[in-house]
Amino acid sequence: MGVGDGGAERAEQLGQLRRLGCEYAQGFVRARPLDPSAVASALGAGAGMEAFVPAPRRGEGEPEPGLDEARRYRLLLECARDISACLDLDSVLEHSFAALRKMIAFTGGSIQLVDGDVIRLAATDPPATPEAMSASVPIGKGIGGTIAATGEPRYLPDITIVASVSQSQAAKTTSTGVRSYYGVPLMAEGRVVGVLQIDSTAIDAFSERDQLLVLSFASVV
């Protein structure tokens, strides 16, 4: 992955520079060239200053510690730009979870797409088994199928105490360690085309701020 005349032009390139140990970076990913008066204004507002301070040292796929609202918003815009630049569905699916993990911590997740009267797994993080990938859920059934049918997000802070989740479903889910779940519809042209969901081994893992971020991210995907 090269860096062009515009320096670091995409969030993917900036992430690679950080993994290589670079402490400083410049490029279009932060800002386009500005005239002197605009530079003074931008510096006064602190815009883009992350590009001139040491990059944080963190594990791959972990959100930045102490991530404030302004930074989360800028990350969301960066992710929107990178994903919108993908040329095909496979590329979108490949980049989605990596992008989302920059902003929020979760144990696992999936993107399920509507296929006629069922929904099927299209992408998971971590990777699912072949059996799981080949399975389908009728629209209106299960948590994902219900989200696909109603077009409404759903948050389960503790999946074991939700009346609408059968004991067998809860047992199957908690056997993998999952305790909380958040799913949102994926929309296109006013209709539900899929479901984006994340889960966690912790109870009540996702705050209202996290839920709003995932809902905003879904519109990008």
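Quantities reported herein were computed from a predicted structural model and do not represent experimental measurements.

Let's shift gears to the environment of Val214. The topology assignment puts Val214 in helix H8 (residues 208–220). Judged by its relative accessible area of 1%, Val214 falls in the buried class. Residues Val214 and Leu100 lie 114 residues apart in sequence; the distance between their C-alpha atoms is 7.9 Å. Residues in contact with Val214, not counting those within four places in the same chain, are Ile104, Tyr182, Val184, Leu196 and Ile198.

All right, on to the sheet that holds strand E3 (residues 136–138) then. The strands making up a sheet are joined through hydrogen bonds of the backbone, oriented either antiparallel or parallel. If you walk across this open sheet you meet the 6 strands as E3-E2-E1-E6-E5-E4, and the pairing is antiparallel. The sheet terminates laterally at E3 and strand E4 (154–156), the two strands that pair on one side only. Averaged over all pairs of adjacent strands, the angle between their axes in this sheet comes to 25°, without regard to strand direction. Running at roughly 150° to strand E1 (residues 108–115), helix H4 (residues 89–100) makes contact with E1, strand E2 (118–125) and strand E6 (191–200) of the sheet.

This paragraph deals with the pattern of salt bridges. The tally for this structure, following the rule as stated, stands at 3 salt bridges. Here Arg120 and Asp115 are joined by a salt bridge, their closest N and O atoms 2.8 Å apart.

Here we take up H8. Its 13 residues place the ends of H8 19 Å apart at the C-alpha level, agreeing with the 18 Å of an ideal helix rising 1.5 Å per residue. What H8 keeps buried is the set Asp210, Gln211, Leu213, Val214, Phe217 and Ala218. Projected down its long axis, H8 shows its buried positions confined to an angular sector of 160°, all on one face. The exposed set on the far side of H8, more than 90 degrees from its buried face, consists of Glu208, Leu212 and Ser219.

Enumeration according to the criterion identifies 3 aromatic pairs in this entry. Measuring from centroid to centroid gives 6.4 Å for Phe97 and Phe106, while their planes differ by 55°, and the two rings are tilted. Aromatic ring contacts, followed pair by pair, group Tyr155, Tyr182 and Phe206 into a single cluster.

Reading guide: rules and limits
- Along every chain, residues carry numbers that run from 1 in the direction the sequence is written.
- The predicted origin of the model limits local features to residues at a pLDDT of at least 70 and limits the giving and counting of side-chain atom pairs to 80 or more, whereas totals for whole chains, interfaces and linings rest on all residues.
- Note that the side-chain values use all heavy atoms of the structure and ignore hydrogens as well as water.
- Where helices and strands are cited, they refer to DSSP runs of H or I of at least four residues and of E of at least two residues respectively, numbered from the N terminus.
- When accessible area is computed with a 1.4 Å probe and restricted to protein chains, residues below 20% of their type maximum are described as buried, those above 50% as exposed, and intermediate ones as partly exposed.
- Contacts are assigned to residue pairs with any non-hydrogen atoms lying within 4.5 Å of each other.
- A pair of strands is labelled paired if DSSP reports no fewer than 2 bridges between them.
- Throughout, an axis means a line fitted to C-alpha atoms (over the contacting stretch in the case of helices), and angles, computed between N-to-C directions, take values from 0 to 180 degrees.
- By convention in these notes, a salt bridge is any Lys or Arg side-chain nitrogen within 4 Å of a carboxyl oxygen on Asp or Glu.
- To estimate the expected span of a helix, subtract one from its residue number and multiply by 1.5 Å.
- Here the arc refers to the directions that run from the helix axis out to each C-beta atom.
- Each Phe, Tyr or Trp ring (for Trp, its six-membered ring) is paired with any other whose centre lies within 6.5 Å, and the angle between the two planes then decides the class: stacked below 30 degrees, edge-to-face above 60, tilted in between.

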